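# Coordinate inspection notes
Spelled out, the chains give:
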Amino acid sequence: MVSNRFLGDRILFCRATMAAAIFLAGAISLPPRMAAQVPPLRVAVPKAPRAPARPKLVVLLVVDQMRADYVDKFLGQWTGGLKRLVEEGAWFRDAAYPYAATETCVGHATISTGAFPATHGMVANAWWDRKDQKMVTCTADPDPQVKNIGYAGATPQGADTAWRMAVPSFAEELKFQSGGGTRVVTFSLKARASLTMAGHKAEAATWFDGGVWVTSSPYSTQAFIEEQAKSHPPKADFGKTWALSLPEKAYWYDEKALGAIPPAGWELTFPHPLRGKSGVSEPDADFYNQWVCSPYADTALTELAMKAVDSLKLGSSGGTDFLAIGYSSVDIVGHAFGPRSREIQDVLVRLDKDLGNLFAHLDAKVGRGNYVVALSADHGVVPIPEDMQTTGANAGLLRLPELRERIEKALAGFKYPKPAVASVSGSDIYFVPGVYEKLQHDPAAMQAALNAALEQPGVAAVYRAEELRDRPAAESPAVRAFANSYFPGRSGDLFILPKPYWLLDSTAVGKPRSYGTGHGVPYNYDQHVPVLLMGFGIQPGQYLQPITPADIAPTFAALCGITLASRDGHILSEALKKPAEPRPPTPSGATSAPH
C-alpha cells in the first residue's frame, strides 16, 4: 500500500517536469529576431598573396677594362649616369673575379651566365683548337649555315655566335622561363661582348666590324638598326675632334702618358682628330681605329640602345625585357694610353654623360623604378710597365716568344719533336699532339720544360694542367684562380703566372709592340672591378663584403623569378629590398589591443 505522501511527491515531480519541457519548447521556437540579439563571431579569410612584382626591363652595362678604383678616383668629376649609379644604387666596393683569365670574352660570359670559365667554357678571347690545330676565337662558329650579316648593305666576313658558351645566359633563361614574351637586345663594338651577353639567340645581337654594324644569321635583324646604320653611320663622325671635356687643371696625369702607343694618326697629346691617315678626304681604316678609341663610339652605342627602347617598346610588353650594352672604347683607350692617362679620365667623363642620357630616356619611356640596372666590367688593366718602373717597382715585359724558344731548346736534348710547342697564348702553353702526354711520363723532360719557363724574366710560377682539374681546394690563391679558369680540352697544358706588374707580351722578337699595356692575369689590378646596381628592387648603399661579378646574373634571376643553371654566382640578397611583412587578419568587429 502506497502512502499518500509518496503519491503527492510523484504528482509534484511530474508537474515540474512537464512545465520545464513546455518552457524549453517555447524557447527553442522563438522567432529568429530574438535569437539574433547575440552577434555571431565572423573570422576574415585572408586573400591569396599576389605574385611578386617583376621589373619591366633588365639593363646590363659592361664597361670594358673599367678598373674598380676609377670610381673612387673620378666620382667627383661625374655629373650624369655614373654618378647616379653610385648615389642612387648599391655600390659593391670589393668585387673581383676569382679566376686568372681576365679577358673580354671571359668576363662578359661570366657576368652573363653567373658562372666561372671552368663552367661556361669561354676560357679566353681565343685559344688553340687541338682538333683543327689552329687558334680559334671564342665566337667563331664552324657551322657552314651560319653567316655574319651586315647592315646598310655591308658584306662582312666570318660567322660568329655564342655556340661555344657551355651554359645559357641569363637573358636566354629569362626568355625561356617567362613564356617567350621577353625581347633580348645587345650592342657592343665587339662580337665577343654582344654575343655572350645575348646568348645563343636574341631579337638583336649587334657589334661593329670594319666600319659597319653587324649581326649573324641565328639572330634577328632589326629595321631600326638598318635605319640608324644609314642615317647615322659611324663615318658621319669623320672630321670630328676629341678634345678635353674639363678644364686642363682638372686632369690628374701628365699631358703625355709614359709608354703610351696611340692609334696611327694621333699624337700623345690632346686634341685627337678623327681624320684617318694624313691627307685622306674620307673614312679609311685608320679613321675607324681612331673612332673606336674615342668617346664617339660609346655615344653611338647609347643612341642604338635608346632606338631599341623606342622601336621595340622595351619595358612595355607586360613581361620583362633585356637590354645590354658593352661599352668597349674604355678598353681600347686603356690599351693605348694606360690607366694613368688623361684619355682614360676623359673617356669616363664622356661615358658618364651618355649614361645620364640613357637613364633619362628609360625614366621617360619605361618609368623610373620600373627597370633594374647593373654596371660592371669584364676586367681591369695593368699599369704600363715603363710608367710603373718610375716608382722603382720590379716591372717589365714577359716576352712570350722568348719563353717558347726556351722550352723548345730544353726539350731538344730529350729528342722531342721540334716544334714541341704548338702555341703560347696569354698564360696558356699548348704542346703539339702527344707531347704533353709523353712529358707526363717523362719526369726529367717535364722538369726541364718547367725550369726553362721559370728562367724566363718575369715568370713567377708555372702550373700543370693536372694540378688544376676539378677545381682542387688549394691554399694558393693563384692555383685557385687558374683552376677557376680551367676548362678541359680548351685550356693549355702549362700555365704561366707572371710576376706582379710584368706584362704578358706576344710581340715577335725584334719588333716594337703595338700597344701600351694589357690584362689577363690573377692580380688585383686585373681582377678588381666595379659592381653597381640601381632601380627596381635594389636597396641603395655601399656594401663592403667580397663578391664576384658572377653574382649579377643570379641577382637578376631572383628579381625576375627565374632560376639559372650555374651555382658559381650567388644572389646579392643584402642589396635587395625586403618585402613588407603581411599583417595577420583582424576578426570582424574586433578592436586591436592598444600598444
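See the structure above.
Anyway, here's the lowdown on the structure attached to this text.

The next subject is the overall build of the protein chain. In terms of helices and strands, the protein chain carries 20 helices and 20 strands. The buried share among the 595 residues of the protein chain stands at 53%. Of all intrachain contacts in the protein chain linking residues separated by at least 6 positions in sequence, the fraction that spans at least 24 positions is 74%. Surface accessibility of the protein chain: about 27,100 Å² in total, with carbon and sulfur atoms responsible for 56%.

All right, on to the packing of helix H11 (residues 295-312) against helix H13 (residues 342-367) then. In the contact formed by H11 and H13, the axes pass within 9 Å of each other and the chain directions differ by 5 degrees. Our classification of the angle between H11 and H13 gives roughly parallel. Residues Pro295, Asp298, Thr299, Thr302, Ala305, Met306, Val309 and Asp310 of H11 lie in contact with H13, whose contacting residues are Val347, Arg350, Leu351, Asp354, Asn357, Leu358, His361, Leu362, Lys365 and Val366.

Quick look at helix H18 (residues 477-485) now. The element H18 is extensively covered by neighbouring structure, given that seven of its nine residues are classed as buried. Every buried residue of H18 is listed here: Ala478, Val479, Ala481, Phe482, Ala483, Asn484 and Ser485.

Before going further, it helps to spend a moment on the state of the cysteines. Applying the stated criterion across every chain yields a total of one disulfide. Paired by a disulfide, Cys105 and Cys138 hold their sulfur atoms 2.3 Å apart. Because the sign of the S-S torsion sets the handedness, a value of about 115 degrees for the bond joining Cys105 and Cys138 places this disulfide among the right-handed ones. Of this pair, Cys105 sits in helix H5 (residues 104-113) while Cys138 sits in the loop between strand E4 (134-137) and strand E5 (148-150); the two residues are 33 residues apart in sequence, bridging distant segments of the chain. Residues Cys105 and Cys138 agree in their burial class; the two are buried.

Spatial strand order, E14-E15-E17-E16: four strands in an open sheet with antiparallel pairing. Of all the strands in the sheet, the pair left with one neighbour each is strand E14 (421-425) and strand E16 (459-464). Averaged over all neighbouring strand pairs, the angle between strand axes comes to 20 degrees, with direction disregarded. As paired elements, E14 and strand E15 (residues 428-431) share four bridges and run antiparallel to each other. If you follow Val421 over to E15, its bridge partner there is Phe431. Here helix H15 (residues 400-412) sits on the sheet in contact with E14, E15 and strand E17 (494-498), set at roughly 155 degrees to E14. The sheet contacts of helix H17 (residues 443-454) involve E16 and E17, and relative to E16 the element is tilted by about 150 degrees.

All right, on to the environment of Gln545 then. Inspection of the secondary structure puts Gln545 in the loop between strand E20 (541-543) and helix H20 (552-560). Note on Gln545: relative accessible area 26%, which makes it partly exposed. Of the polar contacts made by the side chain of Gln545, one reaches the side chain of Glu574; its length is 2.3 Å.

This part covers the nonpolar core. Counting residues in each nonpolar core, the largest one holds 119 residues, and the members touching the most others are Phe170 and Trp291. For Trp291, the contacting residues outside a window of four places in its chain are Leu189, Phe208, Trp213, Pro234, Asp237, Leu274, Tyr296, Ala297 and Ala300. Core analysis: the second largest hydrophobic core is formed by 61 residues, Cys105, Val424, Tyr436 and Leu503 among them.

The subject of this paragraph is H5. With respect to burial, H5 is a largely interior element, ten of its ten residues being buried. Residues of H5 that are buried include every one of Thr104, Cys105, Val106, Gly107, His108, Ala109, Thr110, Ile111, Ser112 and Thr113, and no others. Just downstream of H5 lies Gly114, where phi reads positive at about 75 degrees.

Another point: the side chain of Gln527. Position of Gln527 among the secondary structure elements: in helix H19 (residues 524-527). Using a relative accessible area of 11% as the deciding quantity, one classes Gln527 as buried.

Below, the discussion takes up unusual backbone geometry. A cis amide bond links Phe270 to the next residue, Pro271, at an omega of 0 degrees. Mapped onto the elements of the fold, Pro271 is located in the loop between strand E9 (241-242) and strand E10 (272-273). Put simply, Lys418 and Pro419 share a cis peptide bond, and its omega is 5 degrees. Inspection of the secondary structure puts Pro419 in the loop between H15 and E14.

Thresholds applied
- Residues numbered from 1 in each chain as written.
- Predicted model: local features only at pLDDT ≥ 70, side-chain atom pairs only at ≥ 80, totals over all residues.
- Heavy atoms only, no water.
- Helix = DSSP H or I, 4+ residues; strand = E, 2+ residues; numbered from the N terminus.
- Buried < 20%, exposed > 50% of the residue type's maximum accessible area, 1.4 Å probe, protein only.
- Contact = heavy atoms within 4.5 Å.
- Areas by Shrake-Rupley, 256 points an atom, 1.4 Å probe, with all protein chains shown as cover.
- Axes fitted to C-alpha atoms, helices over the stretch in contact; angles between N-to-C directions.
- Parallel < 35°, antiparallel > 145°, perpendicular 65-115°, else oblique.
- Disulfide = S-S within 2.5 Å.
- Pairing = 2+ DSSP bridges.
- Polar contact = N/O pair within 3.5 Å; in protein donor to acceptor, adjacent residues only side chain to side chain.
- Core = buried A, V, L, I, M, F, W, Y, C linked by side-chain atoms within 4.5 Å.

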